[in-house]
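Here is how the chains run, residue by residue.
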Amino acid sequence: MSKKLVIKVTAGADAAERCSQAFTVAAVAVASGVEVSLWLTGESAWFALPGRAAEFELPHSAPLPDLIDSILAGGGITLCTQCAARRDITEKDVLEGVRIAGAQVFVQEAMADGTQALVY
């Protein structure tokens, strides 16, 4: 098993199942002791904002705020710089523990030895 898992989630409420799968896999990996870096891109960028995850609904899935809390407790969440800029989201707007970083940082994380990268 890889030492680190980098997950890029590109979907939000527009593709609820794919979105939920990404957050679920990230939370399960954290609970399993895997180092996790979850990247919010595209429509998932909105979940970096306080209260937005509570608006997400998908039957038979874990509540998104709980998954985010689990991921932040043992891993990291990054909001894509360009995605944030397109939505006028700044560092002062995001949930505590969420950072904003760009493609260079994503590539560094994804290409590191012992890392598995997934895109949802």
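Within every chain, residues take consecutive numbers counted from 1 along the sequence as written. Where local features are concerned, this predicted model is filtered to residues with pLDDT of at least 70; where side-chain atom pairs are given and counted, the filter is 80 or more; whole-chain, interface and lining totals use all residues. Each side-chain value is derived from all of the structure's non-hydrogen atoms; neither hydrogens nor water enter the calculation.

Observations concerning unusual backbone geometry
- Positive phi values are uncommon outside glycine, yet His-60 reaches one of about 65°.
- Helix and strand assignments come from DSSP, with helices taken as H or I runs of at least 4 residues and strands as E runs of at least 2, each series counted from the N terminus. With respect to the helices, strands and loops of the structure, His-60 is situated in the loop between strand E2 (35–40) and helix H2 (64–74).
- Even without being a glycine, Asp-88 presents a positive backbone phi close to 55°.
- Looking at where Asp-88 falls in the secondary structure, it is placed in the loop between helix H3 (81–86) and strand E4 (98–101).
- Relative accessibility under 20% of the residue-type maximum defines a buried residue, over 50% an exposed one, and the middle range a partly exposed one, all with a 1.4 Å probe and only protein chains included. Overall, the relative accessible area of 67% leaves Asp-88 in the exposed class.

Quick look at the packing of aromatic side chains
- Note on aromatic pairs: the rings of Phe, Tyr and Trp (six-membered ring only in Trp) are paired at centre separations within 6.5 Å, and the planes decide the class, stacked below 30 degrees, edge-to-face beyond 60, tilted for the rest. The tally for this structure, following the rule as stated, stands at three aromatic pairs.
- Judged by centre distance (5.6 Å) and plane angle (85°), the ring pair of Phe-47 and Phe-56 falls under edge-to-face.
- For Phe-56, a relative accessible area of 11% translates into the label buried.

Section: the packing of helix H1 (residues 16–31) against H2
- Two elements in contact, H1 and H2, have axes separated by 9 Å at closest approach and are oriented at 40°. When the axis of H1 is compared with that of H2, the two are oblique. Crossing geometry of H1 relative to H2 is assigned as left-handed. Packed against H1, whose contacting residues are Phe-23, Thr-24, Ala-26, Ala-27 and Val-30, the element H2 presents Leu-64, Leu-67, Ile-68, Ser-70, Ile-71 and Gly-74 at the interface.
- For this scheme, ten residues count as nonpolar: Ala, Val, Leu, Ile, Met, Phe, Trp, Tyr, Cys and Pro. Four count as charged, namely Asp, Glu, Lys and Arg, and the remainder, Gly too, count as polar. Looking at the contact of H1 with H2 residue by residue, the class counts come to eight nonpolar, three polar and no charged. Note on geometry: axes are lines fitted to C-alpha atoms, helical ones only across the stretch in contact, with angles between N-to-C directions running from 0 to 180 degrees. Orientation labels follow simple angle bins: below 35 degrees gives roughly parallel, above 145 gives roughly antiparallel, 65 to 115 gives roughly perpendicular, and whatever is left gives oblique. Handedness of each helix crossing follows the sense of rotation of the near helix against the far helix: counterclockwise by less than a right angle gives left-handed, clockwise gives right-handed. Contacts are assigned to residue pairs with any non-hydrogen atoms lying within 4.5 Å of each other.

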